[in-house]
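Notes for the structure review
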Amino acid sequence: MYLLPVNTEYVESVIEKERPDGIMLAYGGQTALNCGINLAEAGILQKYGVKVLGTQIPGIQRTEDRQLFKDSMTQCNVPVLKSRTVTNFKDAKEIAQELGYPVIIRVAYTLGGKGGGVAYNEIELHEIVERGLRASLVGQVLVEEYIGHWKQIEYEVMQDWDGNNVIVCNMENVLSMKVHTGDNIVVAPSQTINNHEYHMLRTAALRATKHVGIVGECNIQYALDSDSDRYVAIEINPRLSRSSALASKATGYPLAYMSAKIGLGYTLPELVNRITKSTTACFEPSLDYVVCKHPRWDFGKFDLVKRKLGPTMKSVGEVMAVGRSFEESLQKAIRMLDIGNDGLVLNRANMKTFDEEQIEDKLSHPDDLILYYVAAALKIGISVERIYKLSSIDPWFIEKIKNIVDVESKLKQEELSTPLLWESKKLGFSDKQIARAKDKSPEEVREIRKKAGVLPSVKQIDTLAAEWPAVTNYLYLTYGGNQNDITVNPDEKGVIVLGAGPYRIGSSVEFDWGTVNMVWGLQENGEKNVSVVNCNPETVSTDYDICSRLYFEELTLERILDIAEFENPKGIITCVGGQTANNLTLGLAKLGVNIMGTSANDVDRAEDRSKFSAELDKLHIQQPRWQAFSNVVEAKNFANDVGFPVIVRPSYVLSGAAMKVVWSQDELKKYVKEATDVSPDHPVVISKFMLNSLEVDVDGISNGTDVIIGAIVEHIESAGVHSGDAMMCIPPWRLNNKTIDTITEYSIKIAKTFNVKGPFNLQFLIHDDHVYVIELNIRASRSMPFVSKLVKTNLIMLAAKAILGKPLPKMPENKWQKIHNFGIKVPQFSFMQLEGADITLGVEMQSTGEVACFGTSFYDALAKGLTSAGYTLPKTGTALVTVGGSQNKEKLLQPIARLKGLGFKIVATEHTAEFFEEKIGDIEVVHKISEPTRKPNIADLLYDRKIDFIINIPSTSTLEKYVGMLEDEYQIRRKSLELGIPVLTTIELADSFVKTLEWLKDNKTTRDPIEPYDKID
């Protein structure tokens, strides 16, 4: 296993070392596919005699190159839209005029519609084409006629070397062709196409995949005109995609596994269906349930972002719900998103009210709340036909939403009878929604429901709709059944592990790693019966062969109680599923469910910021000055007393949700309200924000008596950048031994005081050599996989021992300090896809992923980390420098001097140029984007590709950054991002970046595999 950038240079060095016979390109998304194409075109695969397994390079090129795809579809008689591929704006303008606006621009060899868009005029066309050409691997975009109102239908196809092929799943996108499939609500199987249309598209899918030469799995996407028989193929993905993961989980047909077997030369008739264990993989799944995929967006975390949905994907994760009706699976999916809503209607926070004209506008221009606008439109009497005309959502789906709206009305007006309870539960209403309608508590509704015998059934995911017996542990709960498909042996009490729900900012694959390793750790320590509850189709924890029973279900109190009552387990583990699972701890414990690991009471003492701070006071451990508030007047008085800036923190939240650094009284009022909305049942804490501090994380395991410190992890950026957005380093590179000893001592004290039994994460602030504690998370953290892999100790395996009450093994003292490698974790951002978003960082997390690389030195690891996260590390070129505040300019003096020493040309805005000209000389002045007539202008330099990277440090010691967004600075950052030019927005990142360039001048990065975990007794 190599933790290296997936690009031609690094993959060639691995091929040279390992000398493999074959390479598979279909499993690492667009990155792996593009890398494979580059390796083939550079002659590297041929040089080392490496064979591509699965779809061959010509097949990949025929699907990824827009012109070759169009030609291939024409050859096999599959229609395509009128379009033309172009490599410059002049040709794009010509074809757009020929087709007529609006047109859609699709970018070759990219992921998630990156760089593309819909242009309604020439100005928009210029911007999208320039951006798209830059984002494309081959500098090519397709300009195509726009058919936003057509249906969007997808088919997942499996094909082997002999040409045997089957359709595994067909899916329909609710929001039509207007919205990228990754941002669409997707239903499987399709609900609104007739038998003729289904088979017409099915036959075309099999014809197209055979013609382009797919070996393994692929996804073909169609647009279908609902008013005629006309259809067109939009694209084929010759790899495993998000849709493939969804299709796998929706049908129980393990596409990646089967595709890998086919890549190795097996044929479909030779492979066995893993659900029936008796039929072959040639059987096409047939579903007796409805699956609904719903994206998760995190727009609220980004300043200036545009929420409108379109051809570029903006979601950061997704959930999948299974039910016996569309209404049931849709409302389940909304709860799974963990955004505070209990369904489509009857939510805690009522949506703003709009008049008819405003709602019609919202229906025409979909954003993340589109389905709520459909419900609102129905409530004010807008007809189904009118909603369809405005939104392009098929009337069938609108009628289903109307069913939900009608039952909401019944719940408010009628007696809560048993038939009404059954009706509402079959349409996906939760106890909380019913309670709101009847002005009761959810507990009262649950009691009434149970007494009336209104209970969910446990059903198997049965891919052959009961034609063959299903032999599977893959389960869901529904009110659309009348009996359970399985029984649980009461003598074999098991353990339930809660997963983390959808990927979102702050919760990604790290918690999936935690969930899966916890299952394995429990099994290794003698627990034979381990079940998992999760709802994310993209995860390994929702593979049904990982555990004894998989419940593809909501992570809500109501549903976990349903499962607990059915399973009657020894206990439930909530500490590896991130904040989502952690937040259920207290509620489950209060209702009598046994929480394994740290007690619910101790978790509450850590999560409730007031209780936690009070415990630290007893231990005489320093923390930044703080106070809990329930009204704005008290908060203002405290802020005046300690002085701005202050930091507002709600309790029980993930990734700094609604956490803000506040610089003024006006802001304070606004953010205290936001924090209260996010965590309404817990106090808001306001602390003094310490400028120019270092931040440190500690990951550890405790069994209540012994504490193992996994590692002390230092953030490269100063405090003020959320830990999820900061680059992280092991071992720490700026901490002295005294500070490390204090951190270790505090960590052990705190873990013991809070009776931690399992994983924990502590965050510290180092200010003027004093150590302050920020927070304790009694759960697995985002950094645990990174720490475990570098220190060669699987912390979650140790946590499993601690949770089961077993002694922890004797570990070498401070093992993490004795490792010979450096580890660097670099965040990955998706600002490019989020139109309008600003890329400056703060205390609320914005990164959507991360990379980690190890090396023999700090700069060896950092060079690989930066490259993996998409930064280019130029050897020569031009750097644009624009810095706010004299203090920041002083701090950047050395890095800029170093850049000059490396031979880089430095250009800077007027005031920045004046400062550096006086200190180091030879700085060229460039003018602001807002002064287009003054030359040379930054806008021209950016568009002409005359800038290689940008150091843009907004002023942090004044109110400007937080109170008045500097428009010019923002324009520079946004344009650079869209043109693929790296922008460094913190002093620490700029300094590290420059030193890395300096290091690379005389050194080469290492290319070694990571070492396996040490064996633990």
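Residues numbered from 1 in each chain as written. Predicted model: local features only at pLDDT ≥ 70, side-chain atom pairs only at ≥ 80, totals over all residues. Heavy atoms only, no water.

As annotated in an unreviewed UniProt entry, the protein carries the name Carbamoyl phosphate synthase arginine-specific large chain and is attributed to Nitrosarchaeum koreense MY1. Taken directly from UniProt, the Subunit (unreviewed entry) text for the protein runs: "Composed of two chains; the small (or glutamine) chain promotes the hydrolysis of glutamine to ammonia, which is used by the large (or ammonia) chain to synthesize carbamoyl phosphate. Tetramer of heterodimers (alpha,beta)4." (UniProt positions renumbered as here; feature names shortened; annotations may be inferred.)

The subject of this paragraph is the overall build of the protein. Scanning the protein from terminus to terminus reveals 37 helices and 35 strands. For a compact globule of 1017 residues, the expected C-alpha radius of gyration is about 31 Å, and the protein comes in at 28 Å, within 12% of that figure. Taken along the three principal axes of its C-alpha coordinates, the protein extends 80 × 70 × 65 Å. Out of the 1017 residues in the protein, the part that is buried amounts to 63%. (Helix = DSSP H or I, 4+ residues; strand = E, 2+ residues; numbered from the N terminus. Rg over C-alpha atoms; globule rule 2.2 N^0.38 Å. Buried < 20%, exposed > 50% of the residue type's maximum accessible area, 1.4 Å probe, protein only.)

The residue D367 is located in the loop between α12 (356-364) and α13 (370-379) in this model. Within the buried core, D367 has no salt-bridge partner, and the shortest N-O distance to an opposite charge, that of K362, equals 4.4 Å. Among all residues touching D367, those that are not within four sequence positions of it are R307, K308, L309, K362 and Y373. (Lys, Arg positive; Asp, Glu negative; His and termini not counted. Salt bridge = Lys/Arg side-chain N within 4 Å of Asp/Glu carboxyl O. Contact = heavy atoms within 4.5 Å.)

Take the state of the cysteines next. Considering all chains together, one arrives at 0 disulfides under this definition. Left without a disulfide partner, C169 is nearest to the cysteine sulfur of C292, which lies 13 Å away. With relative accessibility at 4%, the residue C169 sits in the buried group. Of all cysteine sulfurs in the structure, the one in C535 sits closest to C292, which takes part in no disulfide; the separation is 12 Å. (Disulfide = S-S within 2.5 Å.)

Inspection of the secondary structure puts I1016 in the segment after α37 (987-1002). Among the residues examined, I1016 registers a relative accessible area of 29% and is labelled partly exposed. Sequence spacing of I1016 and T793 is 223 residues, and the spatial spacing of their C-alpha atoms is 8.2 Å. Those residues within four positions of I1016 in sequence are excluded, and the remaining contacts are T793, L798, K801 and P809.

Our focus in this paragraph is the sheet that holds strand β27 (residues 757-767). With respect to topology, 7 strands assemble into an open sheet ordered β28-β27-β24-β25-β26-β29-β30, the strand pairing being antiparallel. Two strands lie at the open edges of the sheet, namely β28 (770-777) and β30 (849-855), each paired on one side alone. Neighbour-to-neighbour, the strand axes of this sheet turn through a mean angle of 25°, independent of strand direction. Sheet analysis places β27 next to β28, joined by 7 bridges and oriented antiparallel. Across the sheet, H767 pairs through a bridge with H770, a residue of β28. Its contacts with the sheet put helix α28 (residues 784-791) on β24 (694-703), β25 (707-715), β26 (728-730), β27, β29 (822-828) and β30, and the angle it makes with β25 is roughly 105°. (Pairing = 2+ DSSP bridges. Axes fitted to C-alpha atoms, helices over the stretch in contact; angles between N-to-C directions.)

So, on to the packing of α13 against helix α15 (residues 395-413). One can describe the packing of α13 onto α15 by two numbers: an axis separation of 10 Å at closest approach and a directional angle of 65°. Classified by chirality, the crossing of α15 by α13 is right-handed. Residue-level contacts link L371, V374, A375, L378 and K379 of α13 to I398, I401, K402, V405 and E408 of α15. Per-class residue counts for the contact of α13 with α15 are 7 nonpolar, no polar and 3 charged. (Left-handed = near helix turned anticlockwise from the far one by under 90°. Nonpolar A, V, L, I, M, F, W, Y, C, P; charged D, E, K, R; others polar.)

With that out of the way, let us pick up the sheet that holds strand β22 (residues 660-662). Read from one edge of the open sheet, 4 strands run β20-β23-β21-β22, paired in antiparallel fashion. If you trace the sheet from one side to the other, it starts and ends with β20 (626-629) and β22, each paired once. On average, adjacent strands in this sheet sit at an angle of 25° to one another, irrespective of strand direction. Pairing between strand β21 (residues 646-649) and strand β23 (residues 684-688): 4 bridges, direction antiparallel. Within β23, the position partnered with I647 by the bridge is S687. Across the face of the sheet, helix α24 (residues 609-619) comes into contact with β20, β21 and β23 while running at roughly 150° to β20. Contacts between helix α25 (residues 632-642) and the sheet are confined to β20, β21 and β23, with β20 contributing the most and set at about 170° to the helix.

The next point concerns the packing of α12 against α13. Between α12 and α13, the shortest axis-to-axis distance is 9 Å and the interhelical angle comes to 145°. The handedness of the crossing between α12 and α13 is left-handed. On α13, the residues that touch I359, K362 and L363 of α12 are I370, Y373, V374, A376 and A377. The residue inventory of the contact of α12 with α13, partitioned by class, reads 7 nonpolar, no polar and 1 charged.

Another point: the packing of aromatic side chains. Applying the stated criterion to the full structure yields 19 aromatic pairs. Taken together, a centroid distance of 5.7 Å and an interplanar angle of 70° make the contact between F904 and F949 edge-to-face. Separated by 45 residues along the polypeptide, F904 in the loop between α32 (893-901) and β32 (905-908) and F949 in strand β34 (residues 949-953) bring together distant segments of the chain. Every member of this aromatic cluster is reached through a ring pair, and the members are Y155, Y198, Y222 and Y231. Lying across the ring of Y266, K261 places its NZ or CZ 5.0 Å from the centre. Here the basic side chain of R1007 rests over the ring of Y10, its NZ or CZ set 4.2 Å away from the ring centre. (Phe/Tyr/Trp six-rings, centres within 6.5 Å; stacked < 30°, edge-to-face > 60°. Lys NZ or Arg CZ within 6 Å of the ring centre and 35° of its normal.)

Turning to the nonpolar core, a few remarks are in order. Grouped together as the largest cluster of nonpolar side chains are 181 residues, with contacts concentrated most on M518, I573 and F764. Here the element with the most residues in this core is α13; it accounts for 9 residues. Beyond its immediate chain neighbours, meaning those up to four positions away, M518 contacts V497, I573, V576, I796, A799, A800 and I803. Formed by 38 residues, the second largest nonpolar core is a distinct cluster that contains M727, V851, A879 and F916. (Core = buried A, V, L, I, M, F, W, Y, C linked by side-chain atoms within 4.5 Å.)

A word on the confidence of the model for the protein. With 95% of its residues at a pLDDT of at least 70, the protein reaches an overall mean of 91. Per-residue pLDDT stays below 50 along residues 957-965; that stretch engages in 23 contacts with residues further than four places along the chain or on separate chains. (pLDDT = per-residue confidence, 0-100.)

What helix α1 (residues 8-18) keeps buried is the set Y10, V11, S13, V14 and I15. Those residues of α1 that are buried lie in contact with β1 (22-24), α2 (29-41), α3 (44-47) and α30 (858-868).

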